[in-house]
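An overview of the molecular structure
These are the residues of each chain, in order.
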Amino acid sequence: SRIKSTTSPHQNKETSKKYVTQNNKFNLIISIALAATCLTAFHSLGSSHLLSTLLSALAVIRFISRSYEIGYAFGCDVFQQHDSSTGLKKHERISLALYSYVEIFFYSAAAYTVLPTITTALDAITLALNVGTLTNVGYAFSKPDTPFFVNILFVQVFSTLSLVVLSLAAYLSKNENA
């Protein structure tokens, strides 16, 4: 890449490290802002209002794309066979994973406003917490005629598992400088 060709290996790692940590925090802020906006519109205007519908659609797009990004990035990081290109230490990696874990709750709650089983903003938040903590995934399937689209919540399950089981377990088992 362009960064690699103009900097030394140490500068490249520092640049990459800064980029990754800043983007991780930026993504958390964007997800919080989107969730607050989407849930407020859902609560104030209702699910059928055009603004609520557009925000919910944007939230679903972010939900899918960010879940994929988190799962892919942390999965690759755990299974990589070479030295890290960012130079992140064990505790920095854990910190990034925890920021992403919190972010999953926010963008999931916003995306869940599209589900027909969600009637209030509190329902969406509750579902995101239930699924994200893996305590009650069945909360979304409480009605007998639950549509197939509700299965989208398993995207959150996958993201949560990739962070909690794969990443955090791998990071905790690494030595301090890895």
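**Some points on the packing of aromatic side chains**
Applying the stated criterion across every chain, the model contains four aromatic pairs. Arranged with centres 5.9 Å apart and planes meeting at 75 degrees, the rings of Phe63 and Tyr107 form a pair that is edge-to-face. Remark: Tyr107 occurs in helix 4 (residues 90–111) and Phe63 occurs in helix 3 (residues 50–79); sequence separation between them is 44 residues. Across this residue pair, the class does not change: Phe63 and Tyr107 are buried. Ring pairs connect the aromatic residues Phe63, Tyr107 and Tyr112, which therefore count as one cluster.

**Remarks on a nonpolar patch on the surface**
A cluster of nonpolar residues, Phe79, Leu134, Leu161, Val164, Val165 and Leu166, forms a patch on the protein surface that exposes about 480 Å² of accessible area. Looking at the nonpolar patch element by element, the count peaks at four residues for helix 6 (residues 153–173). Note on placement: Val164 falls in helix 6. The exposure class assigned to Val164 is partly exposed, which follows from its relative accessible area of 34%.

**Some thoughts on the environment of Leu161**
Tracing the backbone shows Leu161 in helix 6. Since its relative accessible area comes to 35%, Leu161 is described here as partly exposed. Placed 29 residues apart in sequence, Leu161 and Gly132 show a C-alpha to C-alpha distance of 9.0 Å. Apart from the residues within four sequence positions on either side, Leu161 is in contact with Leu134 and Leu166.

**Details of the environment of Gly71**
Topologically, Gly71 is positioned in helix 3. In this structure the C-alpha to C-alpha distance between Gly71 and Phe158, which are 87 residues apart in sequence, comes to 7.5 Å. Those residues in contact with Gly71 that sit more than four places away from it in its chain are Phe158 and Ser162.

**A short note on the packing of helix 3 against helix 4**
Between helix 3 and helix 4, the least distance of the axes is 9 Å, while the angle of their chain directions is 160 degrees. When the axes of helix 3 and helix 4 are compared, the pair comes out roughly antiparallel. Here helix 3 and helix 4 pass one another in a crossing that is left-handed. Taking contact as the criterion, the partners of Ala59, Val60, Arg62, Phe63, Arg66, Ser67, Ile70, Phe74 and Asp77 in helix 3 are, on helix 4, Arg93, Leu96, Ala97, Ser100, Glu103, Ile104, Tyr107, Ser108, Ala110 and Ala111. Of the residues belonging to the contact of helix 3 with helix 4, the class tally is eleven nonpolar, three polar and five charged.

**Quick notes on helix 5 (residues 121–132)**
Spanning twelve residues, helix 5 covers 16 Å between terminal C-alpha atoms, matching the ideal 16 Å at 1.5 Å per step. Taken together, the buried positions of helix 5 are Ala121, Asp123, Ala124, Leu127, Ala128, Asn130, Val131 and Gly132. Leu134 sits one or two residues past helix 5 and shows a positive phi near 60 degrees.

**Concerning the side chain of Asn27**
Mapping Asn27 onto the fold places it in helix 2 (residues 9–45). One polar contact links Asn27 to Arg62, side chain to side chain, over a distance of 2.9 Å. When neighbours within four sequence positions are excluded, Asn27 is seen to be in contact with Arg62, Arg66, Glu69 and Glu103.

Calculation notes
Residues numbered from 1 in each chain as written. Predicted model: local features only at pLDDT ≥ 70, side-chain atom pairs only at ≥ 80, totals over all residues. Heavy atoms only, no water. Phe/Tyr/Trp six-rings, centres within 6.5 Å; stacked < 30°, edge-to-face > 60°. Helix = DSSP H or I, 4+ residues; strand = E, 2+ residues; numbered from the N terminus. Buried < 20%, exposed > 50% of the residue type's maximum accessible area, 1.4 Å probe, protein only. Patch = residues over 30% accessible without salt bridge, like charges linked within 9 Å, V, L, I, M, F, W, Y side chains within 5 Å. Areas by Shrake-Rupley, 256 points an atom, 1.4 Å probe, with all protein chains shown as cover. Salt bridge = Lys/Arg side-chain N within 4 Å of Asp/Glu carboxyl O. Contact = heavy atoms within 4.5 Å. Axes fitted to C-alpha atoms, helices over the stretch in contact; angles between N-to-C directions. Parallel < 35°, antiparallel > 145°, perpendicular 65-115°, else oblique. Left-handed = near helix turned anticlockwise from the far one by under 90°. Nonpolar A, V, L, I, M, F, W, Y, C, P; charged D, E, K, R; others polar. Expected span 1.5 Å × (residues − 1). Polar contact = N/O pair within 3.5 Å; in protein donor to acceptor, adjacent residues only side chain to side chain.

Limitation: the analysis is restricted to geometry and does not speak to function.
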